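As a plain string of letters, each chain reads:
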Amino acid sequence: MNAIRVYNIICLDTNNEFLQDCVGAIDGTHFRVRVPNKDAQRYRGRKCYPTQNALAACSFDLKFTYILPGWEGSASDSRILDNALTREMDKLIVPQVDH
C-alpha cells in the first residue's frame, strides 16, 4: 500500500471508526552508524551492525511533529517512548481530543 493511498484512507474517510480520535502516527527507525569499538555492543540491537534508534511522530497531513534521535540501537521502542513522554525538555506532547 503506498503512502498516498494510506493518507487518503486516514484523512478522507470520515466514517473510519477505528481512527476517529487519531491525531497522528508514531514509529521508530534505525540508522546505521559508526561508533568506537568499545561502544559497538550498546549500539547493536536486532541488526548485525551498530545502529542508532530514533523515534518520530507525524500528523496525518504528513508533517513531522516530533523527532527524538540518538538512542543506542539496543534500546527498546517502549524505553524510548517512555523517555519521550517524560523528559523535562523537548517532551512529546500528545494532543487531547475533545469529545
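We now turn to the structure provided with this report.

Calculation criteria
Residues numbered from 1 in each chain as written. Predicted model: local features only at pLDDT ≥ 70, side-chain atom pairs only at ≥ 80, totals over all residues. Heavy atoms only, no water. Helix = DSSP H or I, 4+ residues; strand = E, 2+ residues; numbered from the N terminus. Buried < 20%, exposed > 50% of the residue type's maximum accessible area, 1.4 Å probe, protein only. Contact = heavy atoms within 4.5 Å. Areas by Shrake-Rupley, 256 points an atom, 1.4 Å probe, with all protein chains shown as cover. Pairing = 2+ DSSP bridges. Axes fitted to C-alpha atoms, helices over the stretch in contact; angles between N-to-C directions. Salt bridge = Lys/Arg side-chain N within 4 Å of Asp/Glu carboxyl O. Phe/Tyr/Trp six-rings, centres within 6.5 Å; stacked < 30°, edge-to-face > 60°. Lys NZ or Arg CZ within 6 Å of the ring centre and 35° of its normal.

1. Points about the overall build of the protein chain
Along the protein chain, the regular secondary structure elements total three helices and three strands. Reading the protein chain from its N terminus to its C terminus gives the helix and strand order α-β-α-β-β-α. Burial statistics for the protein chain: of 99 residues in total, 22% are counted as buried. If you take every contact in the protein chain between residues at least 6 apart in sequence, the share linking residues at least 24 apart comes to 43%. Carbon and sulfur atoms provide 52% of the accessible area of the protein chain, an area that totals close to 7800 Å².

2. Digging into unusual backbone geometry
Positive phi values are uncommon outside glycine, yet Asp90 reaches one of about 60°. With respect to the helices and strands, Asp90 occurs in the segment after helix H3 (77–86).

3. Some points on the sheet that holds strand E1 (residues 25–32)
If you walk across this open sheet you meet the three strands as E1-E2-E3, and the pairing is antiparallel. Single-partner strands in this sheet number two, and they are E1 and strand E3 (64–72). This sheet shows a mean twist of 20° between the axes of neighbouring strands, independent of strand direction. The pairing of E1 with strand E2 (residues 51–58) spans eight bridges and is antiparallel. When the sheet's bridge partners are listed, His30 is paired in E2 with Asn53. Across the sheet, H3 touches E1, E2 and E3, and the angle it forms with E3 is around 125°.

4. Quick look at the pattern of salt bridges
Under the counting rule described, the total for this entry stands at two salt bridges. Its salt-bridge partner being Lys38, residue Asp39 comes within 3.5 Å of it at the nearest N-O pair. Taking relative accessible area as the criterion, Asp39 reaches 17% and is therefore assigned buried. Here Arg42 makes a salt bridge to Glu72, at a shortest N to O gap of 3.7 Å. Here the residue Arg42 occupies a position in helix H2 (residues 40–43), and Glu72 occupies one in strand E3, the gap between them amounting to 30 residues.

5. Examining the packing of aromatic side chains
What the rule picks out here adds up to zero aromatic pairs. One Lys or Arg, Arg32, reaches over the ring of Tyr49 and ends 3.9 Å from the middle of that ring.

6. Some details on the pairing of E2
Bridge count for E2 against E3 is six bridges, and the pairing is antiparallel. Across the sheet, the residue bridging to Leu55 is Leu68, located in E3. Counted between consecutive antiparallel strands, the loop separating E2 from E3 contains five residues, among which Leu62 sits at a positive phi close to 65°.

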